[in-house]
Amino acid sequence: SSVQRYAQRDVAPVVTGRTLGADSILEGRLQADSGRVRLTARLVDTADGTGRWNGVFDTARQDLLSAQDALAERVAEALQPGLTEAERGTLLQRPTADDEAWRLYLHGRFHWERKSPDGIRQAIEFYRAAIARDPSFAPPRVGLADACTTQAVFNVRPPRAAFDEARAEARRALELDPSFAEAYAALGHIVAQCDRDWDEATRLQEEALRRKPGYGHAVMWRAMLRAYRGDVLAALEQIKRAQALEPMSLSFSAIAGMLMYFAREFEASARHLKGIVDTVPDASLARYLYARSLLALGDADAVVALLAGRN
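This is a predicted model, so every value here is computed, not measured.

Undergrad: Quick rundown of the overall build of the chain? Include the residues and the values.
TA: For the chain, the count of helices and strands is 15 helices and three strands. Relative to the compact-globule value of 19 Å for 311 residues, the chain shows a C-alpha radius of gyration of 21 Å, a close match. Oriented by its inertia axes, the alpha-carbon framework of the chain measures out at about 60 × 45 × 35 Å. Out of the 311 residues belonging to the chain, those deemed buried represent 47%. Sequence separation of at least 24 residues holds for 48% of the intrachain contacts in the chain that already meet a minimum separation of 6. Within the structure as shown, the chain displays about 15,700 Å² of accessible surface, and the carbon and sulfur contribution to it stands at 51%. Positive and negative side-chain charges of the chain, numbering 41 and 42 respectively, have mean locations separated by a distance of 3 Å.

Undergrad: I'd like to hear about the pattern of salt bridges, residue by residue, with values.
TA: One pass over the structure, following the stated rule, counts 22 salt bridges. For the salt bridge of Arg 109 with Asp 146, the shortest nitrogen-to-oxygen distance reads 4.0 Å. One end of the pair, Arg 109, is in helix H4 (residues 99–113); the other, Asp 146, is in helix H6 (residues 138–153), with 37 residues separating them in the sequence. Of the two residues, Arg 109 and Asp 146, neither departs from the other in class, the shared state being buried. We note a salt bridge from Arg 211 to Glu 207, for which the minimum N-O separation is 2.7 Å. Taken together, the positions of Arg 211 and Glu 207, both in helix H9 (residues 198–211) and four residues apart, correspond to about one turn of that helix. The exposure class assigned to Arg 211 is partly exposed, which follows from its relative accessible area of 33%.

Undergrad: Talk me through the environment of Pro 95; I want residue IDs and the actual numbers.
TA: Locating Pro 95 in the fold gives a position in the loop between helix H3 (85–91) and H4. Sequence separation between Pro 95 and Arg 167 is 72 residues, and the spatial gap between their C-alpha atoms is 21 Å. Pro 95 has contacts with Trp 102, Asp 134, Phe 137 and Pro 139, leaving out every residue within four places of it along the chain.

Undergrad: Report on the nonpolar core, specifying residues and quantitative values.
TA: One recurring pattern in soluble globular proteins is that nonpolar side chains are buried together. Membership of the largest hydrophobic core comes to 72 residues, with the highest contact counts inside it found for Met 220, Ile 239, Ile 255 and Leu 259. Core analysis: the next-biggest nonpolar cluster, separate from the first, contains 10 residues, Val 37, Leu 43, Trp 53 and Leu 71 among them.

Undergrad: Can you lay out unusual backbone geometry for me, pointing to particular residues and giving the numbers?
TA: For residues that are not glycine, phi is negative in most cases, and the peptide bond is trans in most cases. The residue Asn 155 is not glycine, and still its phi comes out positive at about 55°. With respect to the helices and strands, Asn 155 occurs in the loop between H6 and helix H7 (159–176). In this model, Arg 264 sits at a positive phi of 65°, which is unusual for a non-glycine residue. When you line up the elements, Arg 264 lands in the loop between helix H12 (250–262) and helix H13 (266–279).

Undergrad: Any chance you could break down H12 for me, citing the residues and the numbers?
TA: For H12, with 13 residues, the first-to-last C-alpha span of 19 Å sits near the 18 Å given by 1.5 Å per residue. When H12 is considered as a whole, its buried residues turn out to be Ser 251, Phe 252, Ser 253, Ala 254, Ile 255, Ala 256, Gly 257, Met 258, Leu 259 and Met 260. The inward-facing, buried residues of H12 abut H4, helix H10 (216–228), helix H11 (232–245), H13 and helix H14 (284–296). Within two residues after H12, Arg 264 carries a phi angle of roughly 65°, on the positive side.

Undergrad: A description of the packing of H10 against H12 should follow, citing residues and the corresponding values.
TA: Geometry of a packed helix pair, given as the angle between the helix axes and the separation of the axes. Running from amino to carboxyl end, H10 crosses H12 at an angle of 10°, the nearest separation of the two axes being 11 Å. Overall, the two elements H10 and H12 adopt an arrangement that is roughly parallel. Two secondary-structure elements touch here, H10 through Gly 216, His 217, Met 220, Ala 223, Met 224, Ala 227 and Tyr 228 and H12 through Phe 252, Ile 255, Met 258, Leu 259 and Phe 262.

Undergrad: Describe the pairing of strand E3 (residues 51–60), naming the residues involved and giving the relevant values.
TA: The sheet contact formed by strand E2 (residues 36–45) and E3 spans nine bridges and is antiparallel. Along E3, the bridge assignment pairs Arg 38 with Asp 58. Counted between consecutive antiparallel strands, the loop separating E2 from E3 contains five residues, among which Gly 49 sits at a positive phi close to 80°.

What counts, and at which threshold
Residues numbered from 1 in each chain as written. Predicted model: local features only at pLDDT ≥ 70, side-chain atom pairs only at ≥ 80, totals over all residues. Heavy atoms only, no water. Helix = DSSP H or I, 4+ residues; strand = E, 2+ residues; numbered from the N terminus. Rg over C-alpha atoms; globule rule 2.2 N^0.38 Å. Buried < 20%, exposed > 50% of the residue type's maximum accessible area, 1.4 Å probe, protein only. Contact = heavy atoms within 4.5 Å. Areas by Shrake-Rupley, 256 points an atom, 1.4 Å probe, with all protein chains shown as cover. Lys, Arg positive; Asp, Glu negative; His and termini not counted. Charge placed at Lys NZ, Arg CZ, Asp CG, Glu CD. Salt bridge = Lys/Arg side-chain N within 4 Å of Asp/Glu carboxyl O. Core = buried A, V, L, I, M, F, W, Y, C linked by side-chain atoms within 4.5 Å. Expected span 1.5 Å × (residues − 1). Axes fitted to C-alpha atoms, helices over the stretch in contact; angles between N-to-C directions. Parallel < 35°, antiparallel > 145°, perpendicular 65-115°, else oblique. Pairing = 2+ DSSP bridges.

Set out below in structure tokens:
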């Protein structure tokens with residue numbers, strides 16, 4: 001999600017890396033022909049543009065995950081020479097052996113990040129297709145839980161049914177992988193939004209962050225929990241950390257605007273959210289939150305025009 005917005009832009013990868021505050025960036029391309037796939041990759045230092053490593057991997061299309069494993073191992077060795085066998089084993093763990101299930105899951109993540117009713121619907125279709133191919137594949141179950149929770153929160157679907165499905169999928173993901181940080185975070189979000197149990201939700205988010213400190217959504221949901229408890233200033237600091245983890249996330253930026261609204265900084269919230277809507281007009285979450293800020297400022301006509309899509 002940090003880099004996908006650069007995909008259609010003519011921006012040098014090194015410049016992208018510097019913008020995102022990365023020390024190195026991995027660039028490459030995938031070529032497919034007659035059932036074979038070639039993966040070409042290069043690891044570049046963003047400070048001076050020098051190459052740290054490059055490689056080419058040829059494989060059968062149905063064994064693309066093996067090429068990804070080899071790429072991950074080579075890049076990790078280039079970044080940190082001398083990996084232990086335990087570290088290498090962790091690196092090469094596969095959540096699924098089904099390449100198509102993995103592809104379907106990635107499509108689901110892409111559409112969920114859009115945070116629009118149609119995007120969420122498509123995400124759910126992709127997640128369910130991935131689960132149908134590999135019922136033991138935990139990530140699409142977490143994806144489905146997150147998508148159903150989003151439907152419930154925004155009343156795209158009757159909340160009780162959506163929350164029930166979300167909870168069942170998050171719990172099933174934990175049964176499949178008790179160490180899966182994303183599943184703890186998803187369940188914590190459900191507990192917060194459906195049960196309003198701030199203590200249990202906080203415990204689950206902290207468990208997710210203990211297992212995966214860099215999981216941006218857990219940090220973002222932890223920020224929201226701080227706001228729900230009335231500590232909005234702490235929430236604003238926490239959302240900055242989430243944005244640092246995923247600088248290009250539109251939803252994280254929109255949540256930052258929502259937290260400004262909670263802090264009764266209505267003008268600042270409106271300016272911030274307007275910037276998102278002006279740049280990405282179909283950013284549904286930002287548009288909705290911008291309308292709330294405008295309403296708090298007493299500009300009802302602007303709210304009607306905004307939600308009618310006239311600006």
